[in-house]
Amino acid sequence: RNLLDRDTFSKSDPICVLYTQAIGNKEWREFGRTEVIDNTLNPDFVRKFIMDYFFEERENLRFDFYDVDSKSPNLSKHDFLGQMFCTLGEIVGSQGSRLEKSIVGIPGKKCGKVIVTAEELGCCRDSVLMQFCANKLDKKDFFGKSDPFLVFHRSNEDGSFTICHKTEVIKNTLNPVWQAFKISVRALCNGDCDRTIKVEVYDWDRDGSHDFIGEFTTSYRELSRGQSQFNVYEVINPKKKGKKKKYVNSGTVTLLSFLIETEVSFLDYIKGGTQINFTVAIDFTASNGNPSQPTSLHYMNPYQLNAYGMALKAVGEIIQDYDSDKMFPALGFGARLPPDGRVSHEFALNGNPQNPYCHGIDGVMEAYYRSLKSVQLYGPTNFAPVINHVARYAASVKDGSQYFVLLIITDGVISDMAQTKESIVNASKLPMSIIIVGVGPAEFDAMEELDGDVVRISSRGKFAERDIVQFVPFRDYIDRSGNHVLSMARLAKDVLAEIPEQFLSYMRVRGIKPSPAPPPYTPPIHVLQTQI
């Protein structure tokens, strides 16, 4: 909207060029170009860019705008109209996945603004719940009736068939009712409504030589009509049909129910406005070492971030795109606070217990450095208070509109294991996840136990409802060559990768559906004036 006008006699002819940035070397690479739209300062570009999205990675984007003056593909031959920088997470995390941002890059001039929308390509996320019964199937067993089961096949492009589902066997009946089963639409027909689905009916035999009773074909479109006269199928045995003149069928199979369920994704919730609230808790115990000494994990090196700062920045910079107000509570534990030296396991880094929020990740970093100067590192290392602090907030909004992520950065020697386990088991019922980054050389056995990937965590005989803790040791990510950018991107990727699944598991258990996304942006219709 409102692009700069660079043409003398008419308006600009804009094009947009998208660049992406490699994580390690910061080099911008051209990803693609839109079409050119002639003679307008308010273009609505049609060409879409299709890119991979990972919640746990930061994908930097740059949109450059040019006024095209000739047929040359070389951009330096055209007039530059400005540019816009953002991340893919920023677009996706905006209300309705629609981001509006000013175009910059030409000093002293207003360059207009750009509106970018993102939508997830649903590669058919539906699954169906179906139930079948049969009537008067052929009797195949000498002593009893038949033991029927169904086998479903989807057809492939080349006309061959691939098995995609087998029902259970129902013993000794010619009128079986099978249990309802769930199958993804992709598995059933590759998302193609009119592709043939072949169903075979067999009589089960103990020795594996199951007798063929007959078969029929259908399609997803036919099945989707649900229970009706169209979904009663004659089971035909081609051999019998060829031999016997009077052959009618080998029984019928009837569809009893057909229910479509759409699997919702993490982005459906984000698009519907679910906010992710990010809280940081930092370990201020004496085992970290005196902050004024270079050996300390809290050493304030004027030239580079310490391990706490690096971990905080790596994880925080990605999560902040999903938090609209960018205000983050930042807490510390295990220190003696001024003025009276009382020990606290849940203090605000900005010194304001009523309002522990800091603005942006930079605000959190600033508060962290400030409190290092004012508090005295002490002990013991108690996690339960900060976990319970976030849990209190999470317990007050269980409607799916908010989800809480707590990042604990610690040197790992934990003193209140029993209480922490209890807190985690209680928190597993709430909309929250906990990330623990262990810094320094300690043994992190206790942290591995809290992670619960191998053995689900329990307290006093109660097991956690879901796995909500993800632990990583910082030392696994230290790059010997000193390239921290890549190693920190790997750290963020590993701790954040499990969050969307943990988030979905909470929503599923609670039966919370995503809110509908706000209506998509429709450009105003320009009224064309015609002379009569």
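Parameters at a glance
Residues numbered from 1 in each chain as written. Predicted model: local features only at pLDDT ≥ 70, side-chain atom pairs only at ≥ 80, totals over all residues. Heavy atoms only, no water. UniProt positions renumbered as here; feature names shortened; annotations may be inferred. Pairing = 2+ DSSP bridges. Helix = DSSP H or I, 4+ residues; strand = E, 2+ residues; numbered from the N terminus. Salt bridge = Lys/Arg side-chain N within 4 Å of Asp/Glu carboxyl O. Buried < 20%, exposed > 50% of the residue type's maximum accessible area, 1.4 Å probe, protein only. Core = buried A, V, L, I, M, F, W, Y, C linked by side-chain atoms within 4.5 Å. Domains from an automatic or database assignment. Axes fitted to C-alpha atoms, helices over the stretch in contact; angles between N-to-C directions. Phe/Tyr/Trp six-rings, centres within 6.5 Å; stacked < 30°, edge-to-face > 60°. Lys NZ or Arg CZ within 6 Å of the ring centre and 35° of its normal.

Per an unreviewed UniProt entry, the chain is named CPNE8 protein, and its organism is Smutsornis africanus. Recorded in UniProt under Sequence similarities (unreviewed entry), the annotation for the chain is "Belongs to the copine family."

Caption draft 1: Broad picture of the sheet that holds strand β21 (residues 376–377). With antiparallel pairing, the three strands of this open sheet are ordered in space as β18-β17-β21. What marks the edges here is a single partner per strand, and that holds for β18 (342–344) and β21. With two bridges joining them, strand β17 (residues 335–337) and β21 adopt antiparallel strand pairing. Following the sheet pairing, Ala335 is matched in β21 by Leu377.

Caption draft 2: Here's a closer look at the UniProt feature "domain: VWFA" (unreviewed entry) in the chain. Mapped onto this numbering, the UniProt entry gives "domain: VWFA" (unreviewed entry) at residues 277–478. Counted over residues 277–478, helix gives 29% and strand 26%. Its end C-alpha atoms are 28 Å apart.

Caption draft 3: The arrangement of the pattern of salt bridges in detail. One pass over the full model with this rule turns up 20 salt bridges. Glu57 is the salt-bridge partner of Lys493, the closest N and O atoms lying 2.6 Å from each other. Placement of the pair is Lys493 in helix α11 (residues 484–496) and Glu57 in the loop between β2 (28–33) and β3 (60–67), with a sequence separation of 436 residues. Lys182 is paired through a salt bridge with Glu261; the nearest N and O atoms lie 3.1 Å apart. On the criterion of sequence distance, the pair formed by Lys182 in strand β10 (residues 181–184) and Glu261 in strand β14 (residues 252–262) is long-range, its members being 79 residues apart. Overall, Lys182 belongs to the partly exposed group, its relative accessible area being 46%. Classification of Glu261 by relative accessible area gives partly exposed; the value is 29%.

Caption draft 4: Here's a closer look at the nonpolar core. Residues Phe63, Phe278, Phe284, Ile435, Val437 and Leu496 are the most contacted members of the largest nonpolar core, which totals 77 residues. A per-element tally of this core places helix α6 (residues 307–319) first, with nine residues. Counting only domains with at least three residues in this core, you end up with domain 1 (14–117) and domain 3 (275–510). If you look at the next biggest cluster of nonpolar residues, it comprises 31 residues, including Leu406, Met432, Ile436 and Ile468.

Caption draft 5: Representation of the sheet that holds strand β12 (residues 211–219) in the model. With antiparallel pairing, four strands are arranged side by side in an open sheet as β9-β8-β11-β12. The sheet terminates laterally at β9 (161–166) and β12, the two strands that pair on one side only. Taking each pair of neighbouring strands and ignoring which way they run, the sheet shows an average axis angle of 30 degrees. Relative to β12, strand β11 (residues 196–203) runs antiparallel, the two sharing eight bridges. Its bridge partner lying in β12, Val201 is registered against Gly214.

Caption draft 6: Spatial organisation of the packing of aromatic side chains. Per the counting criterion, the structure on display carries 23 aromatic pairs. Between Phe31 and Phe49 the ring centres are 6.3 Å apart and the planes differ by 75 degrees, which places this aromatic pair in the edge-to-face class. Taken together, the positions of Phe31 in strand β2 and Phe49 in the loop between β2 and β3 put the pair 18 residues apart, joining distant regions of the chain. What makes Phe49 partly exposed here is its relative accessible area of 24%. Plain terms: the ring middles of Phe278 and Phe328 are 5.7 Å apart, the flat faces sit at 75 degrees to each other, and that makes the pair edge-to-face. With Phe278 in strand β15 (residues 275–283) and Phe328 in strand β16 (residues 327–333), this pair connects stretches of sequence that are 50 residues apart. Neither Phe278 nor Phe328 differs from the other in exposure class; each is buried. Of the aromatic side chains, those joined through ring pairs into one cluster are Phe55, Phe266, Tyr269, Tyr322, Tyr403 and Phe503. Directly above the ring of Phe161 sits Lys198, whose terminal nitrogen or CZ lies 4.4 Å from the centroid.

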